[in-house]
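Summary of the model geometry
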Amino acid sequence: MEETPQPRELTAEAKLATVAYEIISEKFGDAISPLDANPTMPFFEVVDAGRWLEIALFMRDNPHLRFTYLACLSGMDYPAEGKLGIVCNLESLGEHNHRIAVKVRCARDNAVLPTVARVWKTAEWHEREAYDMYGIVFANHPDLRRILCPEDWEGWPLRKDYQVQESYHGIQVPY
Amino acid sequence: MMLSNYFPIPMSMSLNSWSDALSQWYLFGLPLGLVVIAAIPLVFIALYALTYGVYGERKISAFMQDRLGPMEVGKWGILQTLADILKLLQKEDIVNTNADKFLFVVGPGILFVGSFMAFAVLPFGPAFIGADLNVGLFYAIGIVALEVVGILAAGWGSNNKWALYGAIRSVAQIVSYEIPAAIAILCGAMMAGTLSMQQFNILQQGEYGFLHFFLFQNPIAWLPFIIYFIASLAETNRAPFDIPEAESELVAGYFTEYSGMKFAVIFLAEYGSMFMVSAIISVVFLGGWNSPLPNIGSFALNDWTTGPVWGAAWIILKGFFFIFLQMWLRWTLPRLRVDQLMYVCWKVLTPFAFVAFVLTAVWEIYM
Amino acid sequence: MQELPKAEHRSVRVTPNGKNRVVIEKDLSSEEMILNMGPQHPSTHGVLRLECKTDGEVVVEAEPYLGYLHRCFEKHAEMVDYPGIVPFVDRMDYLAAMNSEFAYCIAVEKLLDIEIPRRVEFLRVIVSELNRIASHLVAIGTYAIDLGAFTPFLFCFRDREHIMSLLEWASGARMLYNYIWIGGASYDFPKGMQKRIDEFITYFRPKALELQRLLTENEIFVKRTRGIGMMPADVAVNYGWSGPMLRGSGVEWDLRRNDPYSIYPELDFKVCVPDGRHSDIGDSLSRHLVRAYEMEESLSIIEQCLDKMPAAEEGFNPRAAIPKRIRPKAGEVYGRAENPRGELGFYIVSDGKSTKPVRCKARSSCFVNLSAMKEMSMGQLIPDLVAIIGSIDIVLGEVDR
């Protein structure tokens, strides 16, 4: 399959996302990247990761945005760029019904991001999972521990360069 | 009587004659007769728990739940309980390392003895009773309270938090429910004017069968009857009051750590006390070993169905009927919460028991 | 709501304050006991572990520990190609495997941008609605067990058995189907399937009513669940709740209606929310009621589907639309579907070069719903804690993935 980028009509979802993006970029224009209005998942990136918490609060509380529902927060690894990141799928549940995805990235060797666990409570466990799998440290997270792996597990399993530990409490791990 | 030809001791129909005669029977100067008297309820509990208690409950629950129940061992799974017993006997007798060994071992024993000793005053028919005490009913209520000690010993001795929770709940529950149960039984005692278990039966004798039972003699008797039935469910830890062993909350309650024969003994004790409360309720309110069938003209149904063996059959049947009710409730209702349980006891059953007490007294004086 | 006396020497005092709210006061005068509930416990629905700080019967705090059933789904997904992930998805939420496959396939199809044959859409909706009923039956049955009623559980499993055999007939497996494939389905319905589904619906309607009489209208059941585990709507949304949990809090939100996929826009069904007459909105009973009503709705959806389903043409092949080689263009997608337990979403990243996803994150509904456990369990009694866990209806396979 050749990749031939075709100019397409914006889907209804992308249109709604564009409207929401306009409002955010008005206030945080310098901190966020332009909207990628692709048909499958329109997203923008928070360039200045330090302002992510501020943007998150704005997105939740602004009466024209009201992104009340954090559907998903996934950790990501971008080995080519030497970065780690999170992808948040946000939705205004029951109010404006628009959806948008936000990406926040941080350096791979010093992976620290501000937490949004106080903005969306659901982010608490999602961020714990991202920490568990990618080793992204969420500053000021109320309870940052591993969640799915054992507490004394070594390494960050979903990083692309992950090497599984040889043995765990005397049990041989690679099989 | 045909039976007397085969029975080694003289038999008659009169009250307590079989048990009295047995108790006089010494062999080489040893009171062997008393041992036989004591052994009869024991054998009865074991047999009944094996057949009706375990197998019956499984089949009845299976019927209610639209399934077959045990079907593999023997025809219709009849030998299932024997297989279970065999399995329990072979199991390792595990005592936790950190358990209080003495309490852990003694707990099931006290439980079983508590429920078993009450059988001493249960009249198995007109001619047989372990001990016709003049305070029989009082004794029966009192001795059941011994179970609390056993449960507490088992729960505390297990050194398990779930068992401890179960034990504490159980003690609170049994002690609380003793009160409405005792008052309800007291209403029966007032109607009879006696505490002797055999006298209860004799007072409810008559040619019209069930019409002579206290439950039908006195309209107020329904109230203590129902109160005692509900309280007896709680005293024997049966659903919907099975919170001491609530399997979804406390794993198995006070017997979480028990296995093998100790577990079986706890089980036997539970079924023993189930029959015990059912027998007490039949004696006090439903005529005990008296036949419920009335004489209708020349069809002397009551006379035909009265006698030592008939009497034993009647009291066991009545007991089994109430056990069936207990099973029916168990397989229908969800479980109450601890505070709701106490609410039912102290705010519903106890006041109503007092009301029943006063009403019965008034009825007995003026009617 | 528990009514505990205001005692001086308790470290936790729970005093009623208005309808279904309690005030919890703590001091340090007595010792709290740590009670470890699970991973082997009858009512933690698998291998959830709760570390409860208890003061007598009152749970001061319950901290959930997960991961006992962690099977590295996301790592596996990066190792196998797109169609190969479907069986792994089955094993996440093993009680609603069809719905999970559906969600996954929707996500990948969105990325591939392919058309699905219309009959296949109907097949998918019918099997996933059947599976939804089966899953709700397990939820209701195990909830009954949590509250001490054993018989409704077996009634539920008896009826679920019919669904299992229907789905077995369609797919060849009883629980883990691998039936819905990317771009199609593995098999068309066998001949006579429609009739058997019809028979099941006529059989099940009275049984659902019987279940309701036995359990939902039972006074003890209502007393045990009403007002327990309250969750206001705004907090529920903030916790990311979805599915029956969110609807139980009174939010009319159903992805089948609000973010429609497949043929759901053509179907007429109600989004069930509690009306507040039979339960307090947001309590455990509401969540149970929503599940009970949803079974009815699913039955009617299946009936409509059977009516509207286009007949199989000669030589109809449900695998016809499946691409020979599934290699999506570079891009990302968040696809989701309404599972019996809520929103099951898949965040999939494709680099356009490989037949394996770069990243496949499963947004599991139970995982998110369970995250509110700590807050909901504060100051509850142990029996209520069990009632709350039961009402969340967790499948640990999906929580831990």
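Parameters at a glance
Residues numbered from 1 in each chain as written. Chains lettered and ligands numbered in written order. Predicted model: local features only at pLDDT ≥ 70, side-chain atom pairs only at ≥ 80, totals over all residues. Helix = DSSP H or I, 4+ residues; strand = E, 2+ residues; numbered from the N terminus. Buried ≥ 20, exposed ≤ 12 C-beta atoms within 10 Å, placed from the backbone. Contact = placed C-beta atoms within 7 Å. UniProt positions renumbered as here; feature names shortened; annotations may be inferred. Axes fitted to C-alpha atoms, helices over the stretch in contact; angles between N-to-C directions. Parallel < 35°, antiparallel > 145°, perpendicular 65-115°, else oblique. Left-handed = near helix turned anticlockwise from the far one by under 90°. Nonpolar A, V, L, I, M, F, W, Y, C, P; charged D, E, K, R; others polar. Pairing = 2+ DSSP bridges. Expected span 1.5 Å × (residues − 1). pLDDT = per-residue confidence, 0-100.

Looking now at the overall build of chain A. Counting secondary structure elements, chain A contains three helices and eight strands. The order of helices and strands in chain A, counted from the N terminus, is α-β-α-β-β-β-β-α-β-β-β. The buried share among the 175 residues of chain A stands at 43%. The contacts of chain A with a sequence gap of at least 6 include a subset with a gap of at least 24, amounting to 48%.

This paragraph deals with the UniProt feature "domain: NADH:ubiquinone oxidoreductase 30kDa subunit" (unreviewed entry) in chain A. UniProt records the feature "domain: NADH:ubiquinone oxidoreductase 30kDa subunit" (unreviewed entry) for residues 47-166 of chain A in the present numbering. This span, residues 47-166 of chain A, is 18% helix and 28% strand, and a straight line between its end C-alpha atoms measures 38 Å.

A few words now on the packing of helix H2 (residues 82-90) of chain C against helix H3 (residues 97-112) of chain C. Residues and elements named next belong to chain C. Where H2 meets H3, the closest approach of the two axes is 8 Å, and the angle between their N-to-C directions is 150 degrees. The angle between H2 and H3 falls in the class roughly antiparallel. Seen from above, H2 lies across H3 with right-handed handedness. Where H2 approaches H3, its residues Tyr 82, Ile 85, Val 86, Val 89 and Asp 90 are matched on the opposing element by Ala 97, Ser 100, Glu 101, Tyr 104 and Val 108. In the contact of H2 with H3, the residues fall into seven nonpolar, one polar and two charged.

So, about the sheet that holds strand E3 (residues 83-91) of chain A. Residues and elements named next belong to chain A. Pairing within the open sheet is mixed, and its four strands lie in the order E1-E4-E3-E2. This sheet does not close on itself; its edge strands, each paired only once, are strand E1 (43-46) and strand E2 (69-78). In this sheet, neighbouring strand axes are inclined to one another by 25 degrees on average, regardless of whether the strands run parallel or antiparallel. Of the pairings in the sheet, the one linking E1 to strand E4 (residues 99-107) comprises four bridges and is parallel in character. Paired with Val 46 across the two strands is Val 104, which belongs to E4.

The next thing to look at is helix H5 (residues 151-171) of chain C. Residue and element names in this part refer to chain C. Here H5 spans 30 Å end to end across 21 residues, near enough to the 30 Å set by a 1.5 Å rise per residue. Taken together, the buried positions of H5 are occupied by Thr 151, Pro 152, Phe 153, Phe 155, Cys 156, Asp 159, Ile 163, Leu 166, Leu 167, Ala 170 and Ser 171. Looking at the residues trailing H5, positive phi occurs at Gly 172, about 95 degrees.

Chain C puts 28 residues into the contact, and the matching count from chain B is 23 residues. Elements with a minimum of two residues in the side of chain C that touches chain B: strand E3 (33-37), helix H4 (118-146), H5, helix H7 (219-225) and helix H14 (382-392) of chain C. For the side of chain C that touches chain B, the residue count by class is 16 nonpolar, six polar and six charged.

Residues and elements named next belong to chain C. Within the open sheet, the three strands sit side by side as E8-E9-E10. Their pairing is antiparallel. On the outer flanks of this sheet lie strand E8 (331-339) and strand E10 (359-363), each paired with one strand and no other. The sheet shows a mean angle of 15 degrees between the axes of neighbouring strands, direction not considered. Direction of pairing for strand E9 (residues 342-350) relative to E10: antiparallel, over a ladder of five bridges. Bridge pairing links Tyr 347 to Lys 361 in E10. Seen against the sheet, H3 touches E8 and E9 and runs at an angle of roughly 150 degrees to E8.

Listed as interface residues are 32 residues of chain C and, on the opposing side, 29 residues of chain A. At the level of elements, helix H1 (73-77), H3, helix H8 (233-238), E8, E9, E10 and helix H12 (365-370) of chain C are the ones that each hand at least two residues to the side of chain C that touches chain A. Considering each element in turn, the side of chain C that touches chain A owes the most residues, four residues, to E8 of chain C. When its residues are assigned to classes, the side of chain C that touches chain A shows 12 nonpolar, nine polar and 11 charged.

All names here are of chain B. Overall, the prediction assigns chain B a mean pLDDT of 81, with 93% of residues at 70 or greater. In this model residues 1-11 is a low-confidence stretch, pLDDT under 50, and it forms nine contacts with partners more than four residues away in sequence or in other chains. Among the prediction metrics, the complex's ipTM stands at 0.86, with pTM recorded as 0.84.

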